[in-house]
Amino acid sequence: MEIKLLGEKVGDILAITEDINHIRDIDSLLDRVLLEARKFTNADAGSIYLVKNNYLSFDYVQNDTLMKADQSGNHFLYSKFKIKIDENSIAGYVAKTKLPLVINDVYKLGNEVPYVFNQSFDKQSNYRTIAILTIPLITSRDKIIGVMQIINPKKKSEIITFNNTDKQLVTYFASQAAVAIERAIMTRDTILRMIRMAEMRDPKETGAHVNRVGAYAIEIYNSWAVKKKHTIDEIKKKKDILRIAAMLHDVGKIGISDLILRKNGKLTEGEFNEMKMHTIYGMELFSEKSSESDEIAGEIALNHHEKWDGTGYPGILNTNSDIYSFGRGKKGEEIPIYARIVALADVYDALFSKRSYKDSWSEASVLEYIKSERNKQFDPEVVDAFFSIYKVITAIREKYI
Ligand SMILES: [Fe+2]
Ligand SMILES: [Fe+2]
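This is a predicted model, so every value here is computed, not measured.

Thresholds applied
- Residues numbered from 1 in each chain as written.
- Chains lettered and ligands numbered in written order.
- Predicted model: local features only at pLDDT ≥ 70, side-chain atom pairs only at ≥ 80, totals over all residues.
- Helix = DSSP H or I, 4+ residues; strand = E, 2+ residues; numbered from the N terminus.
- Rg over C-alpha atoms; globule rule 2.2 N^0.38 Å.
- Buried ≥ 20, exposed ≤ 12 C-beta atoms within 10 Å, placed from the backbone.
- Contact = placed C-beta atoms within 7 Å.
- Core = buried A, V, L, I, M, F, W, Y, C linked by C-beta atoms within 7 Å.
- Axes fitted to C-alpha atoms, helices over the stretch in contact; angles between N-to-C directions.
- Parallel < 35°, antiparallel > 145°, perpendicular 65-115°, else oblique.
- Left-handed = near helix turned anticlockwise from the far one by under 90°.
- Nonpolar A, V, L, I, M, F, W, Y, C, P; charged D, E, K, R; others polar.
- Pairing = 2+ DSSP bridges.

K.L.:
Just to check I follow, could you spell out the overall build of the protein for this structure?
P.N.:
Looking only at helices and strands, the protein features 16 helices and seven strands. Here the protein has a C-alpha radius of gyration of 23 Å; the compact-globule value for 401 residues is 21 Å, and the two agree. In terms of principal-axis extent, the alpha carbons of the protein reach across some 70 × 40 × 40 Å. Classification of the 401 residues of the protein by burial places 38% in the buried group. A separation of at least 24 residues holds for 65% of the contacts in the protein among residues at least 6 apart in sequence.

Here you go:
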């Protein structure tokens, strides 16, 4: 019976592995990997650390108890801390030894072990960690890329301890997941490199700015789509695509002259008209539309300066000739939802940032402005979604600096 169960579960793991190999975005992937790993043991919580510059950086967290208590979203996701890869912490120890580790009660660690349990997350969040299963994430080339922790396994609502089968199954799953995670990290790095190329030309488009806009966009979308009663599956799929597409909103600036991009002070009308072309150049970069993600990236690049009341650009394009001409601005739902979301995320972030031609605004004046533009520049439902998760928005702003 036991063996058959194990066999079935290994079959499940193979099916899940096949599935996760289709996920592009690293955060969507970590979300799914952690969710699946927790399912094996019905675990209440879990987190993933990834290796960055010889440290373990805290990259992903799920916690059913805390999420249930706080409906505004998972702002813990955007906590920022790193730990050394050494024997002093549980995750560091596992990264160093590359061996899985089961602890039945982290508050009862004896002197015989070199590591201590870091209570800061528990203290900050009022959570009580008891049992932890910590698994190294090792690629097929034996490289450690991170550590996954599964926390507080449950039977009904009772917290129990991990057994050997749990350890074996999660370890096997982690070895499959590590390969997918390594690939998704490469995709994210390639995109950030592309953005850095654009950044060399336009100092406003920094890596931190696009990271923030990508994260704001998926969180606003999530809140908007939940209210619209879209299914969880659909939301997850779209978030996977949206983050990367949102990060690329201004990639069309690659086609704009340095004289305009780097000009200090106000642009002339002619210069501004040339600047507007970045929306069209961006769309053209994705015009092959070979996938849904290209399609959404193209929509965002083209429409992120349109305004809800129709006063934005580039407007309805005349596509009959090779030379585009700007038409009347798109209005309301003529503007694709993803572009309506990125428009708000981009403006919010830009107002907060200090740029060569302006100082950064205070938080109160930024929020005041967004409220006053509800129903004018911005889609009112998108503005409402933004304010309903403002705690998450703040956490994102503090994470990517
Ligand atoms: Fe733009
Ligand atoms: Fe931007």
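K.L.:
Hey, could you run me through the nonpolar core in this one?
P.N.:
Burial of nonpolar side chains together is a common tendency in soluble globular proteins. The biggest cluster of nonpolar side chains holds 92 residues, and the ones touching the most others in it are Ala217, Ile220, Ala245, Ile341, Val342, Leu344 and Ala345. Broken down by element, the residue count for this core peaks at ten residues, all from helix H6 (residues 164-201). If near-sequence neighbours (up to four positions away) are discounted, Ile341 is found in contact with Ala217, Ile220, Tyr221 and Val382.

K.L.:
Hey, could you run me through the packing of helix H7 (residues 207-227) against helix H8 (residues 232-247) in this one?
P.N.:
Helix-helix packing is characterised by the crossing angle of the two axes and by the distance between the axes. Viewed as axis vectors pointing N to C, H7 and H8 meet at an angle of 150 degrees, and their least axial separation amounts to 8 Å. Comparing the axis directions of H7 and H8 gives the class roughly antiparallel. The two elements H7 and H8 cross, and the hand of that crossing is right-handed. Residue-level inspection shows Val210, Val213, Gly214, Ala217, Ile218, Tyr221, Asn222 and Ala225 of H7 in contact with H8, the latter providing Ile235, Lys238, Lys239, Leu242, Arg243, Ala246 and Met247. Taken together, the residues of the contact of H7 with H8 sort by class into ten nonpolar, two polar and three charged.

K.L.:
Whenever I open this one, the pairing of strand E2 (residues 55-63) confuses me. Can you help?
P.N.:
Consecutive residues of a regular strand have side chains that alternate between opposite faces of the sheet. One ladder, built from eight bridges, connects strand E1 (residues 43-52) with E2; its direction is antiparallel. Each residue of the ladder has a partner; that of Ser47, found in E2, is Val61. Following E1, the chain reverses through two residues before pairing antiparallel with E2; Asn53 in that reversal takes a positive phi of roughly 45 degrees. With three bridges joining them, E2 and strand E3 (residues 82-84) adopt antiparallel strand pairing. Its bridge partner lying in E3, Ser57 is registered against Lys82.

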